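Coordinates in review
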Amino acid sequence: MAHEFLRLEKIHKSFAGVHALRGVDFSIQQGEIHCLVGENGSGKSTLIKIISGVLHPDSGRILVEGRAVASLGSAATMASGIQVIYQDLSLFPNLTVAENIAIAEVKERGRALVNWKEIRDIARAAMARIQVDLDLEVEVGELPIGKQQLVAICRALTSELKLLILDEPTSSLPKPDIDHLLAVVRDLQAHGIAVLFVSHKLNEVFEVAERITVLRDGERVATLPPGELDDDRLVGLMTGRTLSRTPFAFRDTAAPIVLEVRGLSKPNNFEDISFQLRAGEIVALIGLIGSGRTELALALFGISPAARGEIRVEGNPVPVRSVQEAVAAGIAYVPENRLVQGLVMKHSVEENLTAPVLDKLLGRLGLVDPVRKAALAREWIQTLGIKVADPAVPVQTLSGGNQQRVVIAKWLAADPRILILDGPTVGVDVMAKGAIHQYVRDLAARGMAVLLITDEIPEAVVNANRILIMRAGRIRREIDTVGLQVEEVQQLVEART
Amino acid sequence: MSPRPVPAHPGRGVLPDLLRHNETYLAVLIVVLCAAITLANPAFLTYENITGFLKSYAMLGIMAVGALFVLVLSGSPDVSFTAIAQVVEYAVVVAAMRLGGNIFLALLFAAVLGMALGLVNGAIVHWFRVPTIIVTIATFNIYFGMLYVVTHGKLINSVPTLFRTFGNALILSRVSRIGATYGLSLMTLVWLVTAALGWFILARTSLGRSVFAIGGNEVAAERVGVAMLRTRLFVFGLVGFLSGVAAVVHVSIVQSVVPNIIVGKELDVIAAVVLGGASVFGGKGTILGSVLGVLLFAILNNGLTLLNFSSYWYNVTIGVVITVAITISAVQQLRRQRARVHVNVEP
Amino acid sequence: MSPAFLRRPSSNRTLAGILLALLVLMSALNPQRFPTLGNLVSMSYQLPIIAFLSLGMMVTMVSGGINLAIVATANFTGIVTVLLLQALAGDAADQAGPGVALLAMAGGLAAAVVVGLVTGWLIAFVEVPPILATLATMTLLSGVNLVITKGYTLSGFPDFLLAVGNGMAGPVPIPFIILLVVVAVMGVFLRRTRTGLSIYMVGANPIAAGYSNVPVRAVLVRDYVLSSAFAALTAFIMMGQLNSVKANYAESYLLVSVLACFLGGVDPFGGAGSLTGMVLSVVILQVVSTGVNLLRMDPFFIQALWGFIILVLLAASYLGGRLREGRRLRAARSAQQTADHPPGVGAAR
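Residues numbered from 1 in each chain as written. Chains lettered and ligands numbered in written order. Predicted model: local features only at pLDDT ≥ 70, side-chain atom pairs only at ≥ 80, totals over all residues.

1. Examining the overall build of chain A
This is how it is decided: Labels follow the DSSP assignment, with helices taken as runs of H or I lasting at least four residues and strands as runs of E lasting at least two, numbered in each case from the N terminus. Both definitions apply: the radius of gyration is a C-alpha atom measure, and the globule rule equals 2.2 Å times residues to the power 0.38. Three exposure classes are used, all based on how many other C-beta atoms lie within 10 Å of a residue's own C-beta (placed from the backbone): buried at 20 or more, exposed at 12 or fewer, and partly exposed between those limits. Distance between backbone-placed C-beta atoms decides contact: two residues are in contact if it is within 7 Å.
Secondary structure summary: chain A contains 17 helices and 20 strands in total. Compactness check: chain A gives a C-alpha radius of gyration of 24 Å against a globular reference of 23 Å for 497 residues, within 12% of the reference. Across its three principal directions, the C-alpha atoms of chain A cover 70 × 50 × 50 Å. Split into buried and exposed, the 497 residues of chain A put 53% on the buried side. If you take every contact in chain A between residues at least 6 apart in sequence, the share linking residues at least 24 apart comes to 68%.

In structure tokens:
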């Protein structure tokens, strides 16, 4: 019979007036696969940091294998067999696979001289435990992310691992790697290692979890097996509200074709892409990572121009060889990675909002008019309901949802005809997701042509009127969403012809 | 093994592997250069000539070993090591003049003093979290400025015999027709020994691997338990240590102390190390590359002299070499990025 | 309201305070010679040289790079200008009129611009890291300078050219007037032009800048051309004051210009830097240099002192920065929290 490995009782933690965790009870059984879900701000990352020893709780008890521990410092954590793999994986791109896997153990052993045979042995032993076989001498920086993750897991296995915490592990993995990862997770379980999965991808959570704990506003709201939950109930627990899910409808078949793409191709990116977008439509482009969907978007936006094919905006062929040309043609792109691609974190909200449209804010002598700049920023802050007291604060101080609004707003300010949204609600809490979806629908209602790139099928089914399914660089199917079921789409996305 | 499509990735054969490393290109370039110069002036490929330039570049070679460590650690170069060498050179000569002693004591003194000056850099870089280049610009100014304040820029024209003996020491010597003795200088051996030591530390010791770890991913290094302060202090202390040794080597060769002769060569040393494959982003570099880089500069300089070009052409030549090298390296990098397969398009 | 990254009120106030204190200190230490009109004029002659070099360094540091070749470019400009003068006016170069002088200067400026274009191309299109690209051009240029001049000093300049660096317009030195104009223009450039604003964005996050319709490559090339133009301007003023050009004048100024940038608040990682701070810092450096000179203190002592000042500033900015960052982020986050979750009923958005 499995017994308890870790128990947290009545954990409280506050920072600078924010009460991040309020009396949270949490437990993980030995060898259990447990998922932790919650919006941004729910306290889940704080809880992880307390379990992994990075933070100390203000009050409450922690018991590891039945024994109370004063607090988990990072040394104590590792000694207890708890390891965390963060999203950034903590790997050394300039070192080999073998050295990456073995480094923690080697540092632990603390010898002055390096024994390369020992390193290779440690690495092979770890890989053998999860039946993975990577080339030991490759530099980790050259591996695709899926393999890098395996390296990180192997490193965790070099010590006496009892609980492995994975923080959003699948967010940048292509489907085959996700499957492999989930298989590895089950393998770990077979070895008696518990796995705590933090994820916002509900379909994966349901696939692999034995129990799901939901956090909301710093409190543990529920801990249930997946059988007792479905998407709606889970979202309801996470947000304390229910979301309405009226499907988006598009009826104006006479609306003008705003974007037409014919035979667009780029070697090793995508091939023979053709589709049309009418004003007022929201067309979802679904594809897993590695399907070419982002590459297509980057080609439409001029970042990585296509090699062949034609793009027409409102009937006129436009060469899109640079971002400047794309913007001039009326195309805007809201990128998937807000932190790196979407915003300049150090700069103010105003600076970020006005960055793409500086040439529209010119006054006398061709100089940017600060008054118009500030006015534009204020206008969009208001229109999108961006919660910020002062437009001059650095945008990094805003919450995820507000940051995403800034990214969207800055492109709306450019008055585009075609809006490409790439994963616009990733890393955004559920309520803000709903608000963003509603806003996009309003835009469509006013004539914007929207291309919504996402890998969350429910999001696409509800918010788009048409779905393009992309796989291995080509568009495979085009379906209307009327009466469409999520499962159907799922199968089409993953099917192999 | 998960059934994944094979990524388009350079194979692991020997030739493609070799071609990815700067050292290969450097080695080829050196061979080509040697051939070209010898054709123009056969005096190049003589034992006397080669041991000659290997001796005169020993100081830069020793300092390059230290410079490599710093570049691997963080990519931001140390520019104070020439000032450290300058200070130590003065100090060790004055100490020898006043206290006597032998070459081993002199080396010990110089190395320890240099190490102390280097440790200051290490401490500041660790605690204030500022790029090394900025901290070392500051310490450069402090060390060099104070040296002049104390010495008033006075030259020392005759140094104690122990330095002269050290500098003139040869192994495998021969006597030329006119009676001059030449051979492999002990200074060159010191360079090779420090290079070997540097290689050993980087490849075979935990501290050395920690340097690579911090250079590759500073945050991860801390997480896996790398001793951050100790590693940083070690690197900068080593730079100082080697600068001290280089100072003794230098004064033994030129047999005088001119307080501003070493200073100004920092960027040459850094350029040599970068040519050898060290990355300005940190985490990459080899001792072999640094040795080859310095060797390349030595050969270029010697070649210019033998071919009767005035010394003014030295900078231009080095500048061209650096420009070509960094351009090729950057273009290769761009090509590699573009060749990366994003999507395996189904036919 | 100027962009957040250009405002550093607290640090600029500190700099202004330091400047004031230094002025008082130097006057107290040297009551006969420091607080005199003559000294003020003398300082305003020397200031522009370090100011222009520092400005040229600043624009590249703000974009996330550095221009190690700035002094070599200045020397190169000087040499090209002299060569053109000699080509145009032969032996009578020092009697040449303003037209010839301007033509030669235009040629020198063009040479600097070419250097900037090449450097900018290497950095923007070939994607060579700026420190390496400018290391390469610096080595090349100093070599070329040496080869052309063979180490000799060249002189013999027409009055017009000398006036740029050494002349007076009434009681005010001409180079100082030029400095005032340039600073005013730079103020507008950095805050109000697309290129200026883009330089900051590229320095802070070149990827996001690219995604935000900023022509990153063009901006970088313009940036390094601008930096080289500043080098050219410095050259003209140096020529006026030294009445000669040499392959390696002002070599030590490279480090001083980096110091000035850092003192003036340029973020060593790029993306931020205040013009006001720069100006204050350059004036501070000039005051310290002159004041200590008048005291007949060892100039090398000043050099060591500057090194020490950087360290003190690094310490202060690190400690101060950590305190301020922490406070500001926490304040902003808790303000954000209350904005997101107003007390009482959660209103529908």
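2. A few points about the confidence of the model for chain B
Using the following cut-off: Note: pLDDT gives the predictor's confidence per residue, expressed from 0 to 100.
Put simply, chain B has an average pLDDT of 89, and 95% of its residues get 70 or more. For this predicted complex, the interface confidence reaches an ipTM of 0.87, while the overall pTM sits at 0.87.

3. Considerations on the interface of chain B and chain C
Which entries qualify depends on this criterion: Just so you know the grouping, Ala, Val, Leu, Ile, Met, Phe, Trp, Tyr, Cys and Pro go in nonpolar, Asp, Glu, Lys and Arg go in charged, and all remaining residues, Gly too, go in polar.
At the junction of the two partners, chain B supplies 38 residues and chain C supplies 37 residues. Counting only elements with at least two residues in the side of chain B that touches chain C, the list comes to α6 (103-128), α7 (132-151), α13 (266-275) and α15 (313-339) of chain B. It is α15 of chain B that provides the largest number of residues to the side of chain B that touches chain C, a total of 15 residues. Looking at the side of chain B that touches chain C residue by residue, the classes come out as 29 nonpolar, eight polar and one charged.

4. What to know about the packing of helix α4 (residues 58-74) of chain B against helix α14 (residues 287-306) of chain B
Residue and element names in this part refer to chain B. How we decide: For helices, the fitted line uses only the C-alpha atoms of the stretch in contact; every axis is such a line through C-alpha atoms, and the angle between N-to-C directions lies from 0 to 180 degrees. Each crossing is labelled by how the near helix is turned from the far one, with a counterclockwise turn of less than a right angle marking it left-handed and a clockwise turn marking it right-handed.
Close contact between α4 and α14 brings their axes to 9 Å; oriented N to C, the two are set at 145°. Crossing angle aside, the handedness with which α4 passes α14 is right-handed. Two secondary-structure elements touch here, α4 through L60, G61, A64, V65 and L68 and α14 through I287, S290, V291, G293 and V294. Looking at the contact of α4 with α14 residue by residue, the class counts come to seven nonpolar, three polar and no charged.

5. A short note on the domain arrangement of chain A
Residues and elements named next belong to chain A. What counts, and what does not: Segment limits for the domains were obtained from an automatic or database-derived domain assignment.
Along its sequence, chain A is organised into domain 1 (4-239) and domain 2 (257-494). Its C-alpha centre places domain 1 at a distance of 33 Å from the equivalent point of domain 2. On the side of domain 2, 11 residues touch domain 1, which itself brings 11 residues to the contact. Of all the elements, helix α8 (residues 231-239) adds the most residues to the side of domain 1 that touches domain 2, at four residues. For the side of domain 1 that touches domain 2, the class distribution of residues is four nonpolar, four polar and three charged.

6. Structural notes on the packing of α4 of chain B against helix α9 (residues 186-204) of chain B
Residues and elements named next belong to chain B. Inclusion rule: Angle categories are assigned with fixed cut-offs, so that under 35 degrees is roughly parallel, over 145 is roughly antiparallel, 65 to 115 is roughly perpendicular, and the rest are oblique.
Orientation of α4 relative to α9, taken along the N-to-C sense of each, is 10°, at an axis distance of 8 Å. Compared by their axis directions, α4 and α9 come out roughly parallel. Contacts between α4 and α9 involve A58, G61, I62, V65 and L68 from the former and M187, T188, V190, W191, T194, A195 and G198 from the latter. Class assignment of the residues belonging to the contact of α4 with α9 gives a composition of eight nonpolar, four polar and no charged.

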